[in-house]
Each structure stands twice: as C-alpha cells, then as structure tokens.
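Tertiary structure, described
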2 protein chains.
Amino acid sequence: MDRSLADTTRSLEKLGYRMTPQRMFVLRAVDESRGHVSADDIFASVRAQFPRISFSTIYRTLDLLQEIGLITKSDLGAGRVQYHRADEAHHHHLVCQRCGGIVDLDEQELEPLWEALRKRYNFKACERHMAIFGNCRQCQS
Amino acid sequence: MDRSLADTTRSLEKLGYRMTPQRMFVLRAVDESRGHVSADDIFASVRAQFPRISFSTIYRTLDLLQEIGLITKSDLGAGRVQYHRADEAHHHHLVCQRCGGIVDLDEQELEPLWEALRKRYNFKACERHMAIFGNCRQCQS
DNA sequence: GCGATAAATGCAACTATTTGCAATTGCTAA
DNA sequence: TTAGCAATTGCAAATAGTTGCATTTATCGC
Ligand SMILES: [Mn+2]
Ligand SMILES: [Mn+2]
Ligand SMILES: [Zn+2]
Ligand SMILES: [Zn+2]
C-alpha cells in the first residue's frame, strides 16, 4: 500500500474517527494481504501480534477501512465475505454458480452500465469489486 | 401464479425431487405473496396452516423454488434475503447505501452487459432481480 | 402388500456477522 | 492537571442462515 499511516489517520479523523492500536494492527494485516482475504484471515493475522483483539473490532475496522476507500468488500458466494485492497488492480468477478469458478472481469466492462445508471437514474453506482453470478463456459447446460 | 400445482410437481420430479405437504404450503405462501418477502414472512404464513414446519424446510424449499425458476432470491442489503415471485414483472434494484432507498431498474437495462459477458467471456449471467449498490440522486455528496 | 432404497423432515448444533452495553481510552478545553 | 465528553473496545447475546444426523415418508420392483 502506498498510503502512509499518517494518511490513513487523517482520513479517519476527517470523519471523526480515531487511530487506535487495534486499527493499526488491522491496517498492517490488510497491508500485507494479497487478493481476497476473509475477516477470519485478518483476525488470525492480527491476533498473532495483539492477542486481545476481538472479532467485533475486526469487523468494525474492516467496515471503516471500506468507508474510507482502502478496501472493498464483496460476497462471492463462498459463505464468508471477502475483502480486497482497493489499490490492487481494480476488477470485478464472474462467479459460476455450478462449479464455483471465479473469473476476473475488467473494471471497464461495467463502465457503460454505470454511465447509463448515472444518466437515466441519477444513480452513482459506487461498488467496486462486484460479483456477478451465472454459469461459466463449461457449466452451461 | 399461472402455474398449476401439477406443473410445479413435474418440475420438481424432473430433477429427482418430490412434492410434499410442506412444499405445497410454502408454494401457496409464495403464491399469495406480492413483492419482496423474507424467509421469515413465509415461515409465519406457513406455520399458521402447518405448525410443525421448520425453518430448515422453509429455507430448503425456497432454494428449491429458486432452482426451478419460480422465485428469485436477492440480498438488498437489509440484513435478510428477499424472495420475489419470478412471474411478477422482471426488474432489478438500485439500492442507496446512504438512505436505504430502493429504485426499480428495468430488466432490459442490463441486457447490454449480459450480452457483452456472453460474447467476451462465454459467461451466461443468470441472475434475475439483481441489487446494485450506490448512491441515489439525493444522497450524492 | 413388502422390503429395499432414496428423499425429505425436524431438531439441535453450528456458521458468519451484528448489536447492546458497560468499561476503557483519548481528545479538548478550562 | 483535570473534568467532561465522545469514541472505541471486548464481551456476551442475538441474528440470519446452514448443516449433520436420526427419524419419517415416499417410491419402486418384486
Ligand atoms: Mn478480486
Ligand atoms: Mn423486486
Ligand atoms: Zn462453472
Ligand atoms: Zn439515497
């Protein structure tokens, strides 16, 4: 992640939040992550350094980091939500409901739709890292 | 719903499933529903006629009805999944993350995207009744 | 009908996630 | 400093939904 701790602290404070030790540990765990991670992954990683951490704090902090745009949160249908650093290559996912396979979808593929929603509905879709469910090539009847 | 009980029974049997009293009650509850209903709504409705019904059976049956295309299932961000009869007017939803407002989106608005996914990724998006999150007109910074 | 087999059920236990709350911590201003 | 106040925490309890399993029910070939 390119952002310094100070940057993140500023982002938080701008919204009336504070930087705390717990949040710093979560931030570090997120920082070291690659690709999709679950709340449980982050919990395990943080607990190694800060055993008193609670799951509530993990969840609350991940929500916070999403709010300030540092991570994205998405349900890819695997029973647990996946988090993803927002500064990694932006993309969405095609999730096959039969085989569970996941294919990356370039961010720009959704641009025309976002554009249409903006124009016709005055709606600003702000979801990064979306999941679109369906059937992949191999799994079509 | 236009489908007769016999139709649904046939759909189930085609997949190796059976028609049971419990499923008939769930079917009736779905039949009488309008718009979005939760599993709990269906549970309450069925329990009035069939007190022994269990939540597992409700969830399992709703999944089944989705599998045979009678209902759609979607998470509109309200903490519980919403079910919707598939024979009501097809549409998707724009869900505002700030005010919680929900706007209907005509089915055809997503056609170009489905088309592109089919062509470029060989992916058949089969999701009816999608939720797209973002900010509505009133809630844009 | 009868037994074998497969499907479906209810229940209890479990999962991931959220929430209420009392205790703790950290800013701020006197 | 220190009091006051707001933000944050951990914990325990609650939520929606899923799953394993023993029991019940339906189907099918004899
Ligand atoms: Mn991803
Ligand atoms: Mn709807
Ligand atoms: Zn597939
Ligand atoms: Zn709004």
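Note that the structure is a prediction, hence the values are computed from the model and not measured. (Residues numbered from 1 in each chain as written. Chains lettered and ligands numbered in written order. Predicted model: local features only at pLDDT ≥ 70, side-chain atom pairs only at ≥ 80, totals over all residues. Heavy atoms only, no water.)

**Details of the interface of chain A and chain B**
With 29 residues of chain A at the interface, the matching set in chain B holds 29 residues. Where chain A abuts chain B, roughly 2,500 Å² becomes buried across the two surfaces, and 60% of that area is made up of carbon and sulfur atoms. A per-residue breakdown of the area chain A buries against chain B is headed by E109(A), Y121(A) and F123(A), which together make up 24% of the total. Here chain A is connected to chain B by two salt bridges. Our count for the chain A to chain B interface comes out at 12 residue pairs in polar contact (both at pLDDT 80 or more). Sorting the residues of the side of chain A that touches chain B by element identifies β4 (91-96), β5 (102-106), α5 (111-121), β6 (124-125) and β7 (131-135) of chain A as the ones contributing at least two each. Per element, the largest residue contribution to the side of chain A that touches chain B is five residues, and it comes from α5(A). Grouping the constituent residues of the side of chain A that touches chain B by class yields 17 nonpolar, five polar and seven charged. Judged from the two bridges that link them, β6(A) and strand β7 (residues 131-135) of chain B form a sheet pairing that is antiparallel. Bridging from a neighbouring strand, A125(A) pairs with G134(B) of β7(B). (Contact = heavy atoms within 4.5 Å. Buried area = accessible area lost by both parts, 1.4 Å probe. Salt bridge = Lys/Arg side-chain N within 4 Å of Asp/Glu carboxyl O. Polar contact = N/O pair within 3.5 Å; in protein donor to acceptor, adjacent residues only side chain to side chain. Helix = DSSP H or I, 4+ residues; strand = E, 2+ residues; numbered from the N terminus. Nonpolar A, V, L, I, M, F, W, Y, C, P; charged D, E, K, R; others polar. Pairing = 2+ DSSP bridges.)

**Quick look at the pattern of salt bridges**
Applying the stated criterion across every chain, the model contains 16 salt bridges over all chains. As a salt-bridge pair, E107(A) and R128(A) come within 3.3 Å of each other at their nearest N and O atoms. Taken as a pair, E107(A) in the loop between β5 and α5 and R128(A) in the loop between β6 and β7 lie far apart in primary sequence, 21 residues in all. In this structure, the salt-bridge partner of K119(B) is E115(B), at a minimum N-O distance of 3.6 Å. Here the residue K119(B) and the residue E115(B) both occupy positions in helix α5 (residues 111-121), the gap between them amounting to four residues, near one helical turn. A relative accessible area of 66% means that K119(B) is categorised as exposed. According to the relative accessible area criterion, E115(B) is partly exposed, its value standing at 32%. Connected through shared salt-bridge partners, E111(A), E115(A), R118(A) and K119(A) make up one network. (Buried < 20%, exposed > 50% of the residue type's maximum accessible area, 1.4 Å probe, protein only.)

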